[in-house]
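Chain residues, written in single-letter form:
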Amino acid sequence: MAEVKFCGLMRAEDARMAATCGARYAGVILTTSLRALDAPSAAELFEGVRDSVHRVGVFGREEPDDIARLAREAGLDVIQLHGDTTPAIVRRLHFDTGLRIWAAVRVAGNELPDNFESIAAAADAIVLDTFSPDMLGGTGQRLDWAALAAPVSRRRGKASLVLAGGLTPGNVRQAIEALSPDVVDVSSGVEISPGVKDHGLMRAFAEAARG
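As a starting point, this report considers the structure included with it.

Brief notes about the packing of helix H2 (residues 39-46) against helix H3 (residues 64-74)
Then, number 1: At a minimum axis distance of 7 Å, the contact between H2 and H3 shows a crossing angle of 35°. For the pair H2 and H3, the sense of crossing is right-handed. Together, Ala39, Ala42, Ala43 and Phe46 of H2 and Leu70, Glu73 and Ala74 of H3 make up the contact between the two elements.
Then, number 2: Partitioning the contact of H2 with H3 into residue classes produces six nonpolar, no polar and one charged.

Structure follows, in structure tokens:
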């Protein structure tokens, strides 16, 4: 069964709802975004769910030293990288922080990028997301799950698979059946507006993910 991650959280009540829904992961954006928080605000948001969820921080093209510092300040369990990640950056952050590192691979069309296997070998998890020339993530655009199933299975190695991009309560079951991800990651698909979650949609998403 795929675990659930609610991302782009900006309100403590939404983080509490994520925990109530049984989500394993709760995510905040610590890079440039409509849903961005600073590290102290992220730490405060997580305070009420510290024992209920694993805390994930999403980063872009920040320097590794800055990512490590912000991760400590926010009290993260997982660092999620959405910049131009390399295996060397993944290994350095793993060494510097001791945290799990998830590395996003942004897919254009139905072809995995050339660095997919090297990133998968270095990271604890691969985050499969839709490529956009203007955004590092949070596009709300879905992938062709069926077309990617075979190449992802063949090339991911031992890395866990986190599926993002265009997931909603209405399609998450289809995505799970196609790709068998370890985690399904939703943000805009359960929102009223950027950073404001619809609690009914959150419950529906978690229930659909559980099948």
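Moving on from the coordinates now.
Re unusual backbone geometry
Then, number 1: Even without being a glycine, Ser180 presents a positive backbone phi close to 50°.
Then, number 2: For Ser180, the position within the fold is in the loop between helix H7 (172-179) and strand E8 (183-186).

Here's the deal with the pairing of strand E5 (residues 100-107)
Then, number 1: Where burial is concerned, most of E5 is hidden: seven out of the eight residues are buried.
Then, number 2: As defined by bridge partners, strand E4 (residues 78-81) adjoins E5 across four bridges and the pair is classed as parallel. Bridge pairing in E5 links Gln80 to Trp102.
Then, number 3: Once the chain exits E4 it traverses helix H4 (residues 87-97) before rejoining the sheet at E5, and the crossover so formed is right-handed.
Then, number 4: Sheet analysis places E5 next to strand E6 (residues 125-130), joined by six bridges and oriented parallel. Residue pairing across strands places Ala104 opposite Val127, the latter belonging to E6.
Then, number 5: Once you follow E5 into helix H5 (residues 116-122) and on to E6, the crossover reads as right-handed.

Overview of the packing of H3 against H4
Then, number 1: Packing of H3 against H4 leaves a shortest axis separation of 10 Å and a crossing angle of 40°. Between H3 and H4, the angle falls in the class oblique. For the pair H3 and H4, the sense of crossing is right-handed. Residues Pro64, Asp65, Ile67 and Ala68 of H3 lie in contact with H4, whose contacting residues are Ile89, Arg92, Leu93 and Thr97.
Then, number 2: Looking at the contact of H3 with H4 residue by residue, the class counts come to five nonpolar, one polar and two charged.

Scoring rules and cut-offs
- Residues numbered from 1 in each chain as written.
- Predicted model: local features only at pLDDT ≥ 70, side-chain atom pairs only at ≥ 80, totals over all residues.
- Heavy atoms only, no water.
- Axes fitted to C-alpha atoms, helices over the stretch in contact; angles between N-to-C directions.
- Helix = DSSP H or I, 4+ residues; strand = E, 2+ residues; numbered from the N terminus.
- Left-handed = near helix turned anticlockwise from the far one by under 90°.
- Contact = heavy atoms within 4.5 Å.
- Nonpolar A, V, L, I, M, F, W, Y, C, P; charged D, E, K, R; others polar.
- Buried < 20%, exposed > 50% of the residue type's maximum accessible area, 1.4 Å probe, protein only.
- Pairing = 2+ DSSP bridges.
- Right-handed = clockwise from strand over helix to strand, strands pointing away.
- Parallel < 35°, antiparallel > 145°, perpendicular 65-115°, else oblique.

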